Every structure is written in structure tokens, then in C-alpha cells.
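Breakdown of the fold
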Amino acid sequence: MRDWIQRILFWFSLIGIIVSIFMVFFYAPIDRNLGIVQKIFYFHLPVAITPYFAFLVVFVCSILFLWKRERRWDVIALASAEIGLVIDTALLVTGTIWDKPTWGVWWVWEPRLTTSLIMWLLYAGYLLLRRSVGEEARRARFAAVYGIVAFISVPISFMSIRWWRTLHPLVFKPTGIELEPPMIFTVFVCLIAFFFFYLCLLRQRIGLEFLKEGIEDLKDSLGGG
Amino acid sequence: MNYLRRILTIVGKDIAAEIRTKEMMNSMIVFVLLTLVIFNFAFGERFEGAAEASAGILWVAFLFAAVLGLNRVFVHEKDEGCLDGLMLCPVDRSVIYFGKALASLIFISVVELIALPIFAIFFIRTIFLANLWLLILVLILSNVGIAAVGTLLSAISINTKARDLMLPILFFPVIVPILIAAVKSTGLIISSPSFPEDVLVWLRMLAIYDIIFILVGFLTFEYVLEE
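Residues numbered from 1 in each chain as written. Chains lettered and ligands numbered in written order. Predicted model: local features only at pLDDT ≥ 70, side-chain atom pairs only at ≥ 80, totals over all residues. Heavy atoms only, no water.

1. Regarding the overall build of chain A
- A count of helical and extended segments in chain A gives 6 helices and 0 strands.
- For chain A, the α and β elements follow one another from N to C terminus as α-α-α-α-α-α.
- Projected onto its principal axes, the C-alpha positions of chain A cover 65 × 45 × 30 Å.
- Here chain A, with 225 residues, has 46% of them falling under the buried criterion.
- Within chain A, contacts between residues at least 6 apart in sequence are counted, and of these 77% link residues at least 24 apart.
- Total accessible area on chain A is roughly 12,000 Å²; 71% of this is exposed by carbon and sulfur atoms.
- Taken together, the 22 basic and 17 acidic charged side chains of chain A have centroids lying 3 Å from each other. (Helix = DSSP H or I, 4+ residues; strand = E, 2+ residues; numbered from the N terminus. Buried < 20%, exposed > 50% of the residue type's maximum accessible area, 1.4 Å probe, protein only. Contact = heavy atoms within 4.5 Å. Areas by Shrake-Rupley, 256 points an atom, 1.4 Å probe, with all protein chains shown as cover. Lys, Arg positive; Asp, Glu negative; His and termini not counted. Charge placed at Lys NZ, Arg CZ, Asp CG, Glu CD.)

Below is the structure:
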């Protein structure tokens, strides 16, 4: 059963990403103002949305863990935090590449960018915390509490950074990009492909964690070796 | 009422212990001064008289000192086995949380009140005392948030292998909104001779943050001190 779902997720995300790459380069028209660079947008948007979703999963699973005390919620939270952090890294990288031609600089302390960076630091801390607690039950509890604290602080950070910037004259205005229908369709396909990719990775990572646990159990049954 | 008295008992215990050892406060005060001096060397005279920019220096010094103090909140309890005694007390876990947070709030505030005049002498040439009460309000609101988040995270970090190293890593990214709001409002207050209207936005931000994180601490602290 598990393999079956995993296989579907794998093929969906593989085909989805191949199709999106084709659509990005051969179907969507080249942007009139920004040129070829605009192509990065189709992957930038999915990687911008996915970390939020991944960290929302961490938050919900953290609450569920504290409430139900079932190990699987902790495992899902861990898996989602790791994948979210990786995709957030991709977001920061594509973001800086995208910034240079559009705004002329690699980095702007703009609310969305800054929030992604703070989010990165929050969940890097989350994973460091997990590594720093040896005992399993305690690790899960601490991680769950920090998973809740971290996620709640994200929207407040976003608001504060926005106010911090907008009380000043806005130098860099992210100009709204006018999208042609084929562009919208392409980005939509990319979004779905990426979502499946996230689910695929998540399931793989959860399976890995349970596998690890199985090995530990086997070791124990062999006499603590 | 009983609830409040229990909280104050823990606060009283912490204050008594601190007055006897003076361990935390002394190092926090010296640390704040050191940070201010180091900033002076790092930035030269660029910030002298530039009130808005020097507010940043002030808050970095305060936050670092706060982390130093927050790291110690549970150290004695943990090292000398008092945490078990505290947990055996027939009180709700949230009483321990509020007691500890209130004690940290007092310690941090005292350190800041001592450091503030020195900061003014070092960095600000023209001082506008007209809005001093507003500055005190900013300090209180910020410290409530720092103590609420810091106490919760301190209880977590004390139980990790990395201990002191863990707290800043967990604490700083969460405290970003406080830092932004405190720096902005302090800058506005010390550079303006009249009531700065813009400061209200930041006071509201601080208040919202405080309410949310007091609630989060209240709800989650019992899971941190469990076993």
C-alpha cells in the first residue's frame, strides 16, 4: 500500500517537473520587459509557496503531537521541516538571482525576502534543537513547542518588516508583473508539479525515519549490538 | 488571587537568590557596558549624535545582555537539582512559567535602567526628556515579550546538550519583531522633542507580540517541564 502511493507520487512529480520545464521554455512566451530571466519566476513562485506550506505542516503536526502523543506526528514534523528548509534555500537562491536583473541588486531587505531568510534561520534552529536533545521523548516535545513558537512568529515578523520598510519611502517597488494566460497556465502547472514533489519527498523522508527506527529495534533484539 | 501569590513566591525566591549571589545582574550590567564600548570602537564616531541609529546599538546591547541573563534562569535550578523540587510543588506548571518570566522581566528591566543613562551620555548629544515616559513604556513592552519568549526557550535550551549555545540560536529569530519595533520606537522617541505619532504603530506591534507569546508560553510551558 505504502509503495503504491509512493510510486504514484514519484511518477506524478517526475512527469510534472519534466512537463513544467518544457512549458517554461517552449510554451510560455518570453517576457517583453525582463526577457529570458523572467523564466526563473515559474520555479520561484512554487518554491516560495511550498516552504510556507511545509512549515504549516510542522506547526499542525507539533500541535497534534502534544495533544495525541503519537510518534508519527513528530516524524512528519521533522520530515516537513527538513524539506521546507531545503526548498526555502532554493527560494533564497532563486530570489537573489531574480533580484539582480529586476531590482539591480542581489539582495533587498524587502518583507518577503527578509521573512524567507528569518524563516530559514528559525527552522535551521529547529533542526539544530532536534540534534541537540538525545532522549527521544524529550526531543519530540521540545521540537513540538519550538515548531509552534517558530511558526507563530513568522507572520508577526512579516508584518513588522513590512511596517519597518513602508514607513520609509519605498525605493524598490516590486512592480506587478502582467501575466499572459499561457504564463498563468504554466505557473499553475509548475505549482502542482512542485506540490507533488514536496509530497513525494515528505513520504520518502517519513519512510526513511521509520526504517531507521526498525533498524534500531532489530539491533536491540540482537542484543544491544 | 491564590494563583498570583504563588507566582510572587517564586519571583521572591529568585530575587532573594539573586540579591545574595548577584551573579546574574553584575555580569549583565558589565556586559551591556562592554557592548556599548565595543560598538563605539567598531563604528567610530559615526553614531554620535545620530539618535535614530544609536537606538540600534542600544537594543543590540540589551538583547545580548538579556540572552546572557535568560541563559541563567534555569541553570541553578537544573544544576543543583532544585528543578525537581520546583516541579514537585503542588502548583500548576504555568505558575512556574509566570514566576520565572516575571523574575527575568525584573532583572532585565533593572539592568536596562542602569545602562540607559550611560548610553545617553555615550551616544546621544541632545537628549529630549519630554518623552521619557514613552521610552519607559517601550522598554516595559519589549521586556515583557523578551521575558515571555526567553523563559520558555531557556527552559528548552537548558535541557539540551548544547545548553548555552542553543538559546541564542532559538531566541534571536523569534525576537526579530521586538527588535525592529523597539529600535524604531526608541529612535523616534529620543530624536523627537514632541510626541512622535509614528510610535503608536510600534507600540501596538509590541503589545500584540506580548499578548500572543504570553499565551503561547502559558499553553506550551507544561510540555517543556514534563518528567
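The structure having been displayed, the exposition proceeds.
2. Quick notes on the overall build of chain B
- In terms of helices and strands, chain B carries 9 helices and 0 strands.
- Written out in order from the N terminus, the α and β elements of chain B read α-α-α-α-α-α-α-α-α.
- Since a compact globule built from 227 residues should have a radius of gyration of about 17 Å, the 18 Å found for chain B is in line with a globular shape.
- Principal axes of the C-alpha set define a box for chain B whose edges measure 55 × 35 × 30 Å.
- The 227 residues of chain B split such that 52% are buried.
- Summarising the internal contacts of chain B: among those between residues at least 6 apart in sequence, 85% fall at separations of at least 24.
- Here chain B displays about 10,000 Å² of accessible surface, and carbon together with sulfur accounts for 71% of that area.
- For chain B, the separation between the mean place of its 15 positive charges and that of its 19 negative charges on side chains is 3 Å. (Rg over C-alpha atoms; globule rule 2.2 N^0.38 Å.)

3. Some thoughts on the interface of chain A and chain B
- At the junction of the two partners, chain A supplies 30 residues and chain B supplies 31 residues.
- Counting the surface lost from both chain A and chain B, the interface buries some 2,800 Å², and carbon and sulfur atoms represent 75% of this.
- Looking only at chain A, the three residues that lose the most surface to chain B are Phe142(A), Ile156(A) and Trp163(A), adding up to 20% of its buried area.
- Where Arg69(A) meets Glu226(B), a salt bridge forms, and the shortest distance between an N and an O atom there is 2.9 Å.
- Connecting chain A to chain B are 7 residue pairs in polar contact (both at pLDDT 80 or more).
- For the side of chain A that touches chain B, the secondary-structure elements that each account for two or more residues are α4 (111–131) and α5 (136–166) of chain A.
- Considering each element in turn, the side of chain A that touches chain B owes the most residues, 16 residues, to α5(A). (Buried area = accessible area lost by both parts, 1.4 Å probe. Salt bridge = Lys/Arg side-chain N within 4 Å of Asp/Glu carboxyl O. Polar contact = N/O pair within 3.5 Å; in protein donor to acceptor, adjacent residues only side chain to side chain.)

4. Looking at the side chain of Thr50(A)
Residue and element names in this part refer to chain A.
- Considering the arrangement of structural elements, one finds threonine 50 in helix α2 (residues 41–68).
- Residue class for threonine 50 comes out buried when judged on its relative accessible area of 7%.
- From its side chain, threonine 50 meets the backbone oxygen of proline 46 in a polar contact 2.5 Å long.
- If we ignore the near neighbours within four places in the chain, the residues touching threonine 50 are Ile87, Phe194 and Tyr198.

5. Side note on a nonpolar patch on the surface
- A cluster of nonpolar side chains, namely Phe10(A), Trp11(A), Leu14(A), Ile15(A), Ile18(A), Val19(A), Ile21(A), Phe22(A), Phe25(A) and Phe26(A), defines an oily patch on the protein surface of about 1,000 Å² accessible area.
- With respect to the element layout, Phe26(A) can be found in helix α1 (residues 2–27). (Patch = residues over 30% accessible without salt bridge, like charges linked within 9 Å, V, L, I, M, F, W, Y side chains within 5 Å.)

6. Brief notes about the environment of Leu83(B)
Residue and element names in this part refer to chain B.
- Mapped onto the secondary structure, leucine 83 falls in helix α5 (residues 82–88).
- For leucine 83, a relative accessible area of 8% puts it in the buried group.
- For the pair formed by leucine 83 and isoleucine 114, sequence separation is 31 residues and the distance between their alpha carbons is 30 Å.

7. Examining the nonpolar core
- Tyr123(A), Tyr126(A), Tyr146(A), Ile146(B), Phe171(B) and Phe213(B) are the most contacted members of the largest nonpolar core, which totals 125 residues.
- Look past the residues within four positions of Tyr126(A) in its chain and what remains in contact with it is Val58(A), Ala77(A), Leu78(A), Ala81(A), Ala143(A), Tyr146(A) and Gly147(A).
- In terms of nonpolar packing, the next biggest core, distinct from the first, is built from 8 residues, Ala28(A), Phe41(A), Trp98(A) and Val187(A) among them. (Core = buried A, V, L, I, M, F, W, Y, C linked by side-chain atoms within 4.5 Å.)

8. Description of the confidence of the model for chain B
- Residues at a pLDDT of 70 or more form 94% of chain B, whose mean pLDDT is 89.
- For this predicted complex, the interface score ipTM comes out at 0.92, while the overall pTM is 0.91. (pLDDT = per-residue confidence, 0-100.)

9. Some thoughts on the packing of aromatic side chains
- Inspection of every chain in the model, using the stated rule, returns 27 aromatic pairs over all chains.
- Measuring from centroid to centroid gives 5.7 Å for Phe53(A) and Tyr198(A), while their planes differ by 85°, and the two rings are edge-to-face. Here Tyr198(A) lies in helix α6 (residues 181–221) and Phe53(A) lies in helix α2, a separation of 145 residues in the sequence.
- Judged by relative accessible area, Tyr198(A) falls into the buried class, the value being 1%.
- An aromatic cluster is built from Phe74(B), Tyr97(B), Phe98(B), Phe218(B) and Phe221(B), whose rings are joined through pairwise contacts. (Phe/Tyr/Trp six-rings, centres within 6.5 Å; stacked < 30°, edge-to-face > 60°.)

10. Considering helix α7 (residues 132–157) of chain B
- When the terminal C-alpha atoms of α7(B) are compared, their 35 Å separation across 26 residues agrees well with the 38 Å that a helix rising 1.5 Å per residue should span.
- In terms of burial, α7(B) is largely enclosed, as 21 of its 26 residues are buried. (Expected span 1.5 Å × (residues − 1).)

11. Quick word on the environment of Val32(B)
All names here are of chain B.
- When you line up the elements, valine 32 lands in helix α2 (residues 23–43).
- Valine 32 sits in the buried class, given a relative accessible area of 0%.
- With 12 residues separating them in the primary sequence, valine 32 and arginine 20 have C-alpha atoms 21 Å apart.
- Residues in contact with valine 32, not counting those within four places in the same chain, are Ala61, Phe62, Ala65, Val111 and Ala115.

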